[in-house]
Amino acid sequence: DDTTDAEVVNSGGSLPDRVRLYAGGDRPFFEDAVSKSPVVYLIHNMLTVEECDELIGMAKGKYDRVDDSSGTNNYLENTMVSEKLGETLAKNIDRVTLWKGGIAGKVIKDVDERISQVTGFPPEHFSDFQINKYEEGSSHEPHFDVNPTNGIMATITIFLNDVPQGSGGEFIYTNPDDGDEPVVITPTKGLAIVHHNTDEKYNFDQSTIHKEATLSGGIKYVAKKYVYLNPQPNHLRIVLPLMAMPFGGKLPRLFITLQNALIEKYGSESAEVYFQKIVTMIPVLLLIGIASAVSAFVTNKLKGDGGEKKDEKEAEGKSKKSKSKSKKSD
């Protein structure tokens, strides 16, 4: 079906009464509103089985355990400290951000294109994928998606595997404004949840508080993307992914520490300016270093070749003199 942005009324079954269809490459997918406050959409079959497996594979072996009780924010990768001082909200969760940005491959570009169709924002407004791994006993207590240095307008949460009924791990909006019961969503492979963190006036929406229930068995993989108010600059979309490329897309901790130090010293606005300048200079310095190394190598090579030729000429001259002396003695 090639229907694009069409509204279809369901005549029965388990689908919602009104569904909006979108063309997602060679297959359709749809969104349905499940709550008015907070505004929540479900995007069924957002990712294919193969795309889900691909993202899990990209993250394999790169996870770090989330520690949100340390008092240190990770602004670059949207991992904020617990709202409750000294208390861990993200319990036994492993996480990695895959820095791909503007140099991403086909899989991520295809997914970004679909997200663009749904949200109306171009990929320049998206974060990179944050992959979370939950094991038995893992949970994420009620929290908001906020980043003081970069306004998050919306959050896209995508389940990368199925979680059997009765195993927990549900995604729950605990405090709807309209007084309804909590919105509970069962993890289903390829299903995406979209919620807006702000209202139409860009004010923070308190009803977006949400949690992920304790997983009682098995493993759950969740991918997240954040939609920022402003487009992301090139040092975040190009330079940092290039720096992460040798590490399979995992950004060295040095950059996170650097940004935190700048924010602590200068405040978020000034720190962002300094951080951008420093990060943008890194490729220039690397190119200068590479050029210097190549130049030194070529110079040494030429000197070496010249020295060898000189030695050959000297040896040839000595040989001729030796032969001349030999003839005279005869």
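Everything below is about the structure printed above this text.
As a convention, each chain's residues are numbered from 1 in the sequence order in which they are written. Per-residue local features of the predicted model are confined to residues with pLDDT of at least 70, and side-chain atom pairs are confined, for both listing and counting, to 80 or more; whole-chain, interface and lining totals are unaffected and use all residues. With hydrogens and water excluded, all non-hydrogen atoms of the structure serve as input to the side-chain values.

With that settled, consider the side chain of Q232. Runs of H or I in DSSP of at least four residues are treated as helices and runs of E of at least two as strands, each being numbered from the N terminus. Checked against the element boundaries, Q232 lands in the loop between strand 13 (220-228) and helix 3 (234-244). Of note is the side chain of Q232, whose polar atom sits 2.9 Å from the side chain of N150. Engagement of the side chain of Q232 in a polar contact is seen with the backbone oxygen of N230, the distance being 2.9 Å. Other than its neighbours up to four places away in sequence, Q232 contacts E124, F126, N150 and R237. A 3.5 Å cut-off defines polar contacts: any pair of N or O atoms within that distance qualifies, except that in protein one atom must be a possible hydrogen donor and the other a possible acceptor, and neighbouring residues in sequence count only when both atoms are side-chain atoms. Contacts are assigned to residue pairs with any non-hydrogen atoms lying within 4.5 Å of each other.

Turning next to the environment of G151. Among the structural elements, G151 can be located in the loop between strand 7 (129-143) and strand 8 (152-159). In this scheme, a residue with accessible area under 20% of its type's maximum is buried, one over 50% is exposed, and one in between is partly exposed, where area comes from a 1.4 Å probe on protein chains only. Look at G151 and you get partly exposed, because its relative accessible area is 38%. Residues G151 and N197, 46 residues apart in the sequence, show an inter-C-alpha distance of 9.4 Å. Each residue touching G151, except ones within four places of it in the same chain, is listed here: V227, Y228 and L229.

Let us now look at the nonpolar core. For the purposes of this section, nonpolar cores are sets of buried Ala, Val, Leu, Ile, Met, Phe, Trp, Tyr and Cys residues that join through side-chain atoms within 4.5 Å. Core analysis: the biggest nonpolar cluster contains 28 residues, and L47, L55, F129, I131, I158 and L160 have the highest contact counts within it. When residues of this core are traced back to their parent elements, those giving at least two are helix 1 (49-59), strand 6 (90-98), helix 2 (106-119), strand 7, strand 8, strand 11 (192-196) and strand 13. Considering every element that reaches this core, the biggest residue donor is helix 1, with five residues. Core analysis: the second largest hydrophobic core is formed by 17 residues, L76, M80, W99 and L236 among them.

Before going further, it helps to examine the pattern of salt bridges. Salt bridge, as used here: a side-chain nitrogen of Lys or Arg that lies within 4 Å of a carboxyl oxygen of Asp or Glu. As enumerated under the stated definition, the model contains eight salt bridges in all. We note a salt bridge from E51 to R114, for which the minimum N-O separation is 2.7 Å. Residue E51 is found in helix 1, and its partner R114 is found in helix 2; the two are separated by 63 residues along the sequence. Take E51 and R114: they sit in the same class, and that class is buried. A salt bridge links D112 to K225, with the nearest nitrogen and oxygen atoms 3.1 Å apart. Of this pair, D112 sits in helix 2 while K225 sits in strand 13, placing them 113 residues apart in sequence. Across the pair, K225 and D112 agree in class, each one buried.

Before going further, it helps to spend a moment on helix 2. Residues spaced three or four apart along an α-helix point in a common direction, a consequence of the helix completing one turn every 3.6 residues. In a regular helix each residue adds 1.5 Å, so 14 residues correspond to 20 Å; helix 2 covers 20 Å between its end C-alpha atoms and thus fits that length. Here helix 2 has its buried residues at I108, V111, D112, R114, I115, S116 and V118. Residue count minus one, scaled by 1.5 Å, sets the expected span of a helix.

What follows is about the environment of P231. Topologically, P231 is positioned in the loop between strand 13 and helix 3. By relative accessible area, which is 48% here, P231 ends up partly exposed. It is 9.7 Å that separates the C-alpha atoms of P231 and S127, two residues lying 104 residues apart in sequence. When residues no more than four places from it in sequence are discounted, the contact partners of P231 are E124 and H125.

Here we come to the pairing of strand 11. Counting buried positions over the five residues of strand 11 gives four, a clear majority of the element. As defined by bridge partners, strand 4 (residues 40-44) adjoins strand 11 across four bridges and the pair is classed as antiparallel. Residue pairing for strand 11: V40 is matched across the bridge by H195. A pair of strands is treated as paired once DSSP finds two or more bridges between them.

An axis is simply a line fitted to the C-alpha atoms; with a helix, the fit covers only the stretch in contact. Between two such axes, the angle follows the N-to-C directions and lies from 0 to 180 degrees. Where helix 1 contacts helix 2, the axes come no closer than 10 Å and their chain directions differ by 125 degrees. Looking at the two axes, helix 1 sits oblique to helix 2. The two elements helix 1 and helix 2 cross, and the hand of that crossing is left-handed. On helix 2, the residues touching E51, E54, L55 and M58 of helix 1 are V107, I108, D110, V111 and R114. In terms of residue class, the contact of helix 1 with helix 2 is made up of five nonpolar, no polar and four charged. Should an angle fall under 35 degrees it is taken as roughly parallel, and over 145 as roughly antiparallel, whereas 65 to 115 is taken as roughly perpendicular and any remaining angle as oblique. In this scheme, a crossing is called left-handed if the near helix is turned counterclockwise away from the far one by less than a right angle; it is called right-handed if the turn is clockwise. Classes in brief: Ala, Val, Leu, Ile, Met, Phe, Trp, Tyr, Cys and Pro nonpolar; Asp, Glu, Lys and Arg charged; the others, Gly included, polar.

Phi at N45 is positive, roughly 55 degrees, even though this residue is not glycine. Along the chain, N45 falls in the loop between strand 4 and helix 1.

With that settled, the discussion passes to helix 3. Taken across its 11 residues, helix 3 has eight buried, putting it largely inside the fold. Where helix 3 is concerned, the buried positions are H235, L236, R237, V239, L240, P241, M243 and A244.

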